[in-house]
Amino acid sequence: MNQHPIIKTVLQSFLPVARFLRIGVALLLLPVLAAPAHSSDGDPGNLPALSVSVLQFGTAHWELNHILHRGLDRKNGYRLELTLVANLPASRLAVTSGSVNGAVADLLWAQSRFRAGTPYLYVPFSSQIGDIVVAEDSGIRSVADLAGKRIGVAGGPDSKGWILLKKVAAGQGINLSAATDVQFAAPPLLSQALKRGQVDVIVTYWHFAARLKGAGGWRSAFGMADLLSAMDLDRNLPVLGYVFPAGWAGNHRPLIDRFANSLQQAKEELADNPTHWQRLRPLMGDPAEGVFTALREGFVAGTPAPLNDRRIAELQQLLALTGADPGNLMPARLLYRRQP
């Protein structure tokens, strides 16, 4: 499981992949406060503020930027403030240190914080769990086809996609860790490794997969959501969310409700009117048309259904399936339900 062969041969070709990640050195070191792009009506100074840390080139920034541009925060009675950061550790540090009210995190991170005694309210953001990508002419079309193959995994051994993939394979009598050659690396490196034929398949984040497939020559081996179906779970579970310290969220529930309403409105507008995406195109790295379409469609497809009793129970079941202690799971009160 040594990733060095990939890194050694791919680093020289990394710059083209990073075209859409154009950020200055300063951004790598310090968060940047985004200037709110509010409309001019109303006095934002009289509204309660809600601050969120977000990756500058992350997918959540697309909808949050849309909220600011359309003034959906003020229309819902609050003022959204964004702190742009360069990486996930910086975003998580911002929320855990209290320098912002919220950030984007996956369900497993929220569960780990609950287990550690620092619970967070989890507001659904996306059901995009990732993708499994192969060349168009690959013969890999099922979990069973992965045996004996070289697999690149983004996010390390604790990646949700990798954990789910191993779980489903185990149910078919396959120990993927033993039956495959697994290498862990950053998503851009894995995309290049796949292109260079150094791996047969990659388990990667959905937007990196969309960039590959949108450019042509690559496809999904099978849907990551199929893994949820194989475990009798809803395919549309929100595996990514906005997280807020539970104590703070409990004292600011009306503000959280207003934020959630604006999120829903932004998702609806982005789904119903594709022209909104042209303004967001620079935030997406000014991709070519095929990639742009794949990213837009992938984002919209990841809109999660509102949480109800059944979906909350299935989220808790998903946590247990991915290794959480069944006796110490995030309770329903930490999984946000939109107000009727």
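Counting of residues starts from 1 at the beginning of each chain's written sequence and follows it residue by residue. Where totals are concerned, whole chains, interfaces and linings use all residues; where local detail is concerned, this predicted model gives features only for residues with pLDDT of at least 70, and gives and counts side-chain atom pairs only at 80 or more. By convention in this description, side-chain values take in all heavy atoms of the structure and omit both hydrogens and water.

Under the annotation held in an unreviewed UniProt entry, the protein chain carries the name ABC-type nitrate/sulfonate/bicarbonate transport system, periplasmic component and is attributed to Marinobacter subterrani.

A. Representation of unusual backbone geometry. For Asp232, which is not a glycine, the phi torsion comes out positive at approximately 60°. Numbered from the N terminus, helices here are DSSP runs of H or I no shorter than four residues, and strands are runs of E no shorter than two. If you trace the backbone, Asp232 turns up in the loop between α12 (224–230) and β11 (240–245). The backbone of Asp286 shows a phi angle near 50°, a positive value even though the residue is not glycine. Mapped onto the secondary structure, Asp286 falls in the loop between α15 (276–280) and α16 (289–301). Here Asp286 falls in the partly exposed class, since its relative accessible area comes to 40%. Relative accessibility thresholds used throughout: buried, under 20% of the residue-type maximum; exposed, over 50%; partly exposed, between the two (1.4 Å probe, protein chains only).

B. A look at the nonpolar core. The biggest cluster of nonpolar side chains holds 91 residues, and the ones touching the most others in it are Leu50, Leu64, Leu80, Leu165, Tyr242 and Phe259. Counting residues per element, this core draws most heavily on helix α14 (residues 253–272), at seven residues. Joining through side-chain atoms within 4.5 Å is the link that ties buried Ala, Val, Leu, Ile, Met, Phe, Trp, Tyr and Cys residues into a set, and such a set is a nonpolar core.

C. Molecular detail of the side chain of Lys160. On the secondary structure map, Lys160 appears in helix α8 (residues 160–171). You can call Lys160 buried: its relative accessible area is 15%. Note on definitions: a residue-residue contact is assigned when non-hydrogen atoms from the two residues lie within 4.5 Å. With near-sequence residues (within four places) excluded, Lys160 lies in contact with Asp106, Leu108, Ile129 and Val239.

D. Structural detail: α8. Take the residue count of a helix, subtract one, and multiply by 1.5 Å to get its expected span. Here α8 spans 17 Å end to end across twelve residues, near enough to the 16 Å set by a 1.5 Å rise per residue. Positive backbone phi, at 80°, marks Gly173, one or two positions downstream of α8.

E. Up close: the packing of aromatic side chains. Only Phe, Tyr and Trp rings are paired, with Trp represented by its six-membered ring, and only when their centres lie within 6.5 Å; those with planes under 30 degrees apart are stacked, over 60 edge-to-face, the remainder tilted. This model, assessed by the stated rule, comprises 13 aromatic pairs. Aromatic pair Trp62 and Trp206: ring centres 6.4 Å apart, planes at 85°, arrangement edge-to-face. Highlighted residues: Trp62 in helix α4 (residues 59–70) and Trp206 in helix α11 (residues 206–215), separated in sequence by 144 residues. By the burial criterion, Trp62 is buried, and Trp206 matches it. A connected cluster of aromatic rings, assembled from ring pairs, spans Trp62, Tyr78, Phe125, Trp206, Tyr242, Phe244, Trp248, Phe259, Trp277 and Phe299. A ring is considered to have a charge above it if a Lys NZ or an Arg CZ atom is located within 6 Å of its centre and within 35 degrees of its normal. Arg281 extends its terminal NZ or CZ atom over the ring of Phe292, reaching a point 4.1 Å from the ring centre.

F. Region of the structure containing the sheet that holds strand β7 (residues 150–154). For two strands to count as paired, DSSP must find a minimum of two bridges between them. In space, the five strands of this open sheet follow the order β8-β7-β9-β6-β10, with mixed pairing throughout. Each edge of the sheet is formed by a strand with only one pairing partner; in this case those strands are β8 (181–185) and β10 (218–222). When the angles between neighbouring strand axes are averaged without regard to direction, this sheet yields 30°. Pairing analysis gives five bridges linking β7 to β8, with the strands arranged parallel. Bridging from a neighbouring strand, Ile151 pairs with Val182 of β8. Sheet strands in contact with α8 are β6 (131–135), β7, β8, β9 (201–204) and β10, and its direction is about 120° off that of β9. Every axis in this analysis is a line fitted to C-alpha atoms, fitted for helices over the stretch in contact. Angles between the N-to-C directions lie between 0 and 180 degrees.

G. View of the pairing of strand β4 (residues 102–106). Burial runs high along β4: five of the five residues are buried. Sheet topology note: the strand β2 (residues 49–55)/β4 ladder contains two bridges and is parallel. In the sheet register, Val52 faces β4, and the bridge partner there is Gly102. Here β4 pairs with β11 via four bridges, running antiparallel. Looking at β11, one finds that Ala105 is bridged to Gly241.

H. Broad picture of the environment of Pro254. Counting through the fold element by element, Pro254 comes out in helix α14. With a relative accessible area of 48%, Pro254 lands in the partly exposed category.

I. Spotlight on helix α17 (residues 309–321). Along its 13 residues, α17 runs 18 Å from first to last C-alpha, staying within 8% of the 18 Å computed at 1.5 Å per residue. Among the residues making up α17, those that are buried are Arg311, Ile312, Glu314, Leu315, Leu318 and Leu319. Buried positions in α17, seen along its axis, are confined to an arc of 160° and lie on one side of it. Next to the buried residues of α17 lie α7 (107–115), α8 and α12. A side-chain oxygen of the first residue of α17 lies 3.2 Å from the backbone nitrogen of Arg310; this N-cap is Asn308. Phi turns positive one or two residues past the end of α17, at Gly323, with a value near 110°. The reported arc concerns the directions from the helix axis to the C-beta atoms and nothing else. Under this definition, polar contacts are N or O atom pairs within 3.5 Å; protein pairs additionally need one hydrogen-donor-capable and one acceptor-capable atom, and for neighbouring residues in sequence, both atoms have to be side-chain atoms.

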